[in-house]
Amino acid sequence: MGNSGLKQHIETAQKTGVLKVSPGKLNQFPPGFKQLEGCLRTLDLSDNKFVILPPEISQFMQLRHLNLSKNKLTKLPDSIGALTKLETFNASDNSLSTLPRTFSNLINLKQVILSNNQLKQLPSIFCGLKHLDLLDLSGNSISIIPGEISSLFVTELNLNRNEISSLSPEIANCPRLKILRLQENCLTLGAISSKLLAESKVSNLALEGNLFELKDLANIEGYDAYMERFTAVKKKMF
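Reading guide: rules and limits
Along every chain, residues carry numbers that run from 1 in the direction the sequence is written. Per-residue local features of the predicted model are confined to residues with pLDDT of at least 70, and side-chain atom pairs are confined, for both listing and counting, to 80 or more; whole-chain, interface and lining totals are unaffected and use all residues. The side-chain values count all of the structure's non-hydrogen atoms but skip hydrogen atoms and water molecules. Per the convention used, a helix needs a DSSP run of H or I reaching at least four residues, while a strand needs a run of E reaching at least two, with both numbered from the N terminus. For every residue, the accessible area (1.4 Å probe, protein chains only) is compared with the maximum for its type, and the residue is labelled buried under 20%, exposed over 50%, or partly exposed between those bounds. Contact criterion: two residues are considered in contact whenever any of their non-hydrogen atoms come within 4.5 Å of each other. In the sections that follow, a salt bridge refers to a side-chain nitrogen of Lys or Arg positioned within 4 Å of a carboxyl oxygen of Asp or Glu. Side-chain atoms alone can form a polar contact between residues adjacent in sequence; in general such a contact is a pair of N or O atoms within 3.5 Å, and within protein one must be able to donate a hydrogen while the other accepts it.

1. A word on the environment of Leu129
So, step 1. Along the polypeptide, Leu129 turns up in the loop between strand E5 (111-113) and strand E6 (134-136).
So, step 2. Residue Leu129 is classed as buried on the basis of its relative accessible area of 3%.
So, step 3. Once residues within four sequence positions are removed from consideration, Leu129 is found in contact with Phe103, Ser104, Leu106, Ile107, Leu109 and Phe153.

2. Looking at the pattern of salt bridges
So, step 1. What the rule picks out here adds up to six salt bridges.
So, step 2. When the shortest N-O distance is used, the salt bridge between Arg181 and Glu156 registers 3.0 Å. In this pair, Arg181 is assigned in strand E10 (residues 179-181) and Glu156 in strand E8 (residues 156-158), connecting sequence segments 25 residues apart.
So, step 3. Residue classification places Arg181 among the partly exposed residues on the basis of a relative accessible area of 24%.

3. What to know about the environment of Ser46
So, step 1. Checked against the element boundaries, Ser46 lands in the loop between strand E2 (42-44) and strand E3 (65-67).
So, step 2. Along the primary structure Ser46 and Leu180 are separated by 134 residues, whereas in three dimensions their C-alpha atoms are 27 Å apart.
So, step 3. In contact with Ser46, not counting residues within four places along its chain, are Lys20, Val21, Ser22, Pro23, Asn67, Leu68, Ser69, Lys70 and Asn71.
So, step 4. Of the polar contacts made by the side chain of Ser46, one reaches the side chain of Asp44; its length is 2.7 Å.

As structure tokens, this is what we get:
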């Protein structure tokens, strides 16, 4: 995108609060971005060449939607924690291996998409965010789901295509979790606790592509309770 095209986008964004500069070749914020600090609500920088997000992102205090997907990001600045109005965050298809602890300040987050990155641990920074509905961590390198996950408030957790071999029974205590996606991991049948089946609120448990036959799930205590929840939800849909 040339300078004239970007200038026009910025002028439009001053009126609409929405700026999309995708796809492009940006790897830093152009000077004109500063004009939008007080009015920008949606920023789409997807399909660009950012390796590091500039710390000046913290100046866009009105942001509610931030899309950084399909860049080359290896880290995010601590200053991102200043975006306390943020509701959706998408940084899929990057090279992130860690996340700043300041993410825990983003108390209004509803959707976080971090699929296809290089995360090796479940980010505990999302635990305790009470408005978070969707957390998509598919396509990473996570191997263990620890007990602290019990304080995750999501309704849908996508962990497909990771390397998960250990799943804490405490996941059953997630207060709002209804959809749990664990397809294409390294789980054995013994890693699926009866507590998850019998005591959780999960009504959609996706386990295809692990180290056991799905039909064997019926042998675990609590399976009938899970199927009751599954069937009840299906009936409501039709």
